[in-house]
Amino acid sequence: MKTYILYIHDRRYSVPTLDTLTVSSDARASELARARLASSTHYQGAEIWEGDRLVETLTSSATPGV
């Protein structure tokens, strides 16, 4: 299992929200991060890190004000 750091960029706050994911692969970390990003229209994007390696940067398709 690997531990990933997930930074969620929320348009309501100036500092990203930090979360951890302990999963078996980059693909699973990406899957969970996408689900988290889709869970709120306030989320603008997310970054997935494993240690000092940026795994993926995601952006939200949510429309502001919806």
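Residues numbered from 1 in each chain as written. Predicted model: local features only at pLDDT ≥ 70, side-chain atom pairs only at ≥ 80, totals over all residues. Heavy atoms only, no water.

### Observations regarding the overall build of the chain
- When its secondary structure is counted, the chain shows one helix and four strands.
- Moving toward the C terminus, one meets the helices and strands of the chain in the order β-β-α-β-β.
- Projected onto its principal axes, the C-alpha positions of the chain cover 40 × 20 × 15 Å.
- By residue count, 24% of the 66 residues in the chain fall in the buried class.
- Long-range contacts, defined as pairs at least 24 residues apart, comprise 43% of the intrachain contacts of the chain with a sequence gap of at least 6. (Helix = DSSP H or I, 4+ residues; strand = E, 2+ residues; numbered from the N terminus. Buried < 20%, exposed > 50% of the residue type's maximum accessible area, 1.4 Å probe, protein only. Contact = heavy atoms within 4.5 Å.)

### A look at the pattern of salt bridges
- One pass over the structure, following the stated rule, counts six salt bridges.
- In this structure, Asp10 and Arg12 form a salt bridge, with 2.6 Å as the shortest nitrogen-oxygen distance.
- The exposure class of Arg12 is partly exposed, given its relative accessible area of 45%.
- Taking the shortest distance from any N to any O, the salt bridge between Glu31 and Arg28 comes out at 2.8 Å. Taken together, the residues Glu31 and Arg28, both in helix H1 (residues 26-38) and three residues apart, mark about one turn of the helix. (Salt bridge = Lys/Arg side-chain N within 4 Å of Asp/Glu carboxyl O.)

Function-wise, these values are silent; they only describe arrangement.
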